[in-house]
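Structural description and commentary
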Amino acid sequence: MRNHFLIIIMILCLSCAGARAATLGGYAAFSDAALIYSGMDEDGNPGIYRIDGQNGDIRELYADNGYILGAVGECVAACVDIDGEISVIILDANATVLYTGEIDEFAAVEGEDSFYIGTDRLKIENGAVERTRILTTADSGAVKPVAEYEDCLYYLDASEYADISAMETVESVASLCRADISTGETRRITPEGATLVGFEGDRIIYTLNEFYVYAGDDVEMIDNGRGLYAADLNGENAVLLAGTGSYEDGFYDEYTMVRDGVIYGVRHDYLSDEPVPDMCIKRVTYQGVALEDIPVDFGSLIDVRDGRAYMFVARYNERWENIYDDITAVDLSDFSAESLLGSEYMRLNYYDEGPRVAVNADSVCFTGVARDGESLCLWTLARGGVPEALARLN
């Protein structure tokens, strides 16, 4: 692994009571203690490090780079190279290796006290890790855990089409399924082509998308009813909440989160003639009531919290050159947008890594490179303030 390859897991100090942990996809996960990152310290030493979210103090957890999988409480799971073999390790905040084992995919889902990797559960209890196989009948190469909810593991199962869909991924051809964590009993929740959006009480929210099946020279498009759905936790009584569009329609609505009974996403416009296409935030209640669209600058939805939608926005000129990056906060009551960084500060993408942003009650934390330097830093931004560098990450 190259020494400057930077994989970041952000675990931010959330000052508000009852702040929830969240996963933002890719490499980002949030808890309540510190920032964990794999890279180099200021002296160029590779390792996995823990930055205190209050004062920026840095502690080495592991003396080599790793691929960070996730965080549960103060424990971190990572893939590392041990004597030429890729293994998964679990570290605590005191740099103790609680577990070392085999791994066959670089993905994990965080539960209340466990990591889920492939078909297995790694439960952390009293400073020890117990590994058990939850999905006893599944092919580990065809399943992907996506969430723990109400004592069940929800996962994608692509075994139906895995052998004949070389041009597709597990995520695009899979059914959404669940397994009872105590008994291992499994249940199929959706048809193939499903993506989990989230949960609302006793309802599960998901989308269905079309996909292509390849068998020799034959190509078949499978469409199990694309759209946004809500069903009970058994997958029954499914209701179509909204259409999601397609390339042929000229747009696609990508729903990514559920907050307080409302499902949020963004619309991608395929037919715009503008260098930077128009975009809007889509909102649908879990009863299927469409709320007014919110026009926003082109970007990606980070989070919705305390009446504001937070967007990562890459600012471009007419030649499609990235001028600077920004974080905007959109008021959900009047749709007004506030630039949090302005035009003087940041490039939030670093090498091939996307931005890492966490939102809490009174501040925003993010990684970025200041315009006057090439050091990647962890920044904190209080409401109404200016960005303040907490720690340098390389």
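Residues numbered from 1 in each chain as written. Predicted model: local features only at pLDDT ≥ 70, side-chain atom pairs only at ≥ 80, totals over all residues. Heavy atoms only, no water.

1. So, the sheet that holds strand E13 (residues 120-125)
Judged by pairing direction, the sheet is antiparallel, and its four strands sit side by side in the order E11-E12-E13-E14 without closing on themselves. Two strands bound the open sheet, and with one partner strand each, they are strand E11 (109-110) and strand E14 (128-133). Looking at chain direction, strand E12 (residues 114-117) and E13 are connected through four bridges and run antiparallel. Within E13, the position partnered with Ser114 by the bridge is Lys123. (Pairing = 2+ DSSP bridges. Helix = DSSP H or I, 4+ residues; strand = E, 2+ residues; numbered from the N terminus.)

2. Comments concerning the confidence of the model for the chain
In this model, the chain carries a mean pLDDT of 79, and residues with pLDDT of at least 70 account for 75%. pLDDT under 50 marks residues 1-31. Its contacts with residues more than four places away, or in other chains, come to 108 contacts. (pLDDT = per-residue confidence, 0-100. Contact = heavy atoms within 4.5 Å.)

3. With respect to the pattern of salt bridges
The final tally for this structure, using the stated rule, is 13 salt bridges. A salt bridge links Asp113 to Arg121; the shortest N-O distance between them is 3.4 Å. Asp113 sits in the partly exposed class, given a relative accessible area of 27%. For Arg121, a relative accessible area of 14% translates into the label buried. The partner of Arg226 in a salt bridge is Asp249, and the shortest N-O contact between them spans 3.9 Å. One end of the pair, Arg226, is in the loop between strand E22 (218-222) and strand E23 (227-232); the other, Asp249, is in the loop between strand E25 (245-246) and strand E26 (251-259), with 23 residues separating them in the sequence. Given the relative accessible area of 27%, Arg226 is considered partly exposed. Given the relative accessible area of 40%, Asp249 is considered partly exposed. Counted as one network, the salt bridges with shared partners bring together Glu210, Asp223, Arg226 and Asp249. (Salt bridge = Lys/Arg side-chain N within 4 Å of Asp/Glu carboxyl O. Buried < 20%, exposed > 50% of the residue type's maximum accessible area, 1.4 Å probe, protein only.)

4. Considerations on the packing of aromatic side chains
Counted according to the given criterion, the structure contains three aromatic pairs. Put simply, the rings of Tyr149, Tyr154 and Phe199 touch in pairs and so form one group of aromatic residues. The ring of Phe251 has Arg267 lying over it, and the distance from NZ or CZ to the ring centre is 3.8 Å. (Phe/Tyr/Trp six-rings, centres within 6.5 Å; stacked < 30°, edge-to-face > 60°. Lys NZ or Arg CZ within 6 Å of the ring centre and 35° of its normal.)

5. A short note on unusual backbone geometry
Positioned with a positive phi, Asp83 is a non-glycine residue whose angle comes to about 55°. With respect to the helices, strands and loops of the structure, Asp83 is situated in the loop between strand E8 (75-82) and strand E9 (85-91). Positive phi outside glycine occurs at Asp306, with the angle close to 50°. Inspection of the secondary structure puts Asp306 in the loop between strand E30 (299-305) and strand E31 (308-316). With relative accessibility at 54%, the residue Asp306 sits in the exposed group.

6. Points about the side chain of Asp232
Among the secondary structure elements, Asp232 is positioned in strand E23. Buried within the structure, Asp232 lacks any salt-bridge partner; its nearest side chain of opposite charge belongs to Arg203, at an N-O separation of 5.2 Å. Looking at Asp232, its side chain comes within polar contact range of the main-chain nitrogen of Glu236, at 2.8 Å. Among the polar contacts made by the side chain of Asp232, one reaches the side chain of Asn237 at a distance of 3.1 Å. If near-sequence neighbours (up to four positions away) are discounted, Asp232 is found in contact with Asp202, Arg203, Ile204 and Asn237. (Lys, Arg positive; Asp, Glu negative; His and termini not counted. Polar contact = N/O pair within 3.5 Å; in protein donor to acceptor, adjacent residues only side chain to side chain.)

7. Structural notes on the nonpolar core
Core analysis: the largest hydrophobic core is formed by 23 residues, its most contacted members being Tyr154, Leu176, Phe199, Ile204 and Tyr206. Elements with a contribution of two residues or more to this core: strand E15 (143-149), strand E16 (152-157), strand E19 (194-200), strand E20 (203-208), strand E21 (211-215) and E23. Those residues in contact with Leu176 that lie beyond four places of it in its chain are Val146, Tyr155, Leu156, Arg188, Ile189, Thr190, Pro191, Ala194, Leu196, Ile204 and Tyr206. (Core = buried A, V, L, I, M, F, W, Y, C linked by side-chain atoms within 4.5 Å.)

8. Focus: the sheet that holds E15
Taken together, four strands build an open sheet; the order of strands is E15-E16-E17-E18 and the sheet is antiparallel. The open sheet is flanked by E15 and strand E18 (186-192), the only strands paired with a single partner. On average, adjacent strands in this sheet sit at an angle of 25° to one another, irrespective of strand direction. Strand direction decides the pairing type here: E15 and E16, joined by six bridges, are antiparallel. The residue of E16 that forms the bridge with Glu148 is Leu153. (Axes fitted to C-alpha atoms, helices over the stretch in contact; angles between N-to-C directions.)

9. Observations concerning the pairing of E21
For E21 and E22, the ladder comprises five bridges, and the chain directions are antiparallel. Its bridge partner lying in E22, Ala215 is registered against Asp218. Linking E21 back to E22 in an antiparallel pair, the connection comprises two residues, with Gly216 at a positive phi of about 65°.

10. Topic: the environment of Glu130
Here Glu130 lies in strand E14. Separated by 16 residues in sequence, Glu130 and Ser114 have C-alpha atoms that sit 9.2 Å apart. If near-sequence neighbours (up to four positions away) are discounted, Glu130 is found in contact with Arg121, Leu122 and Lys123.

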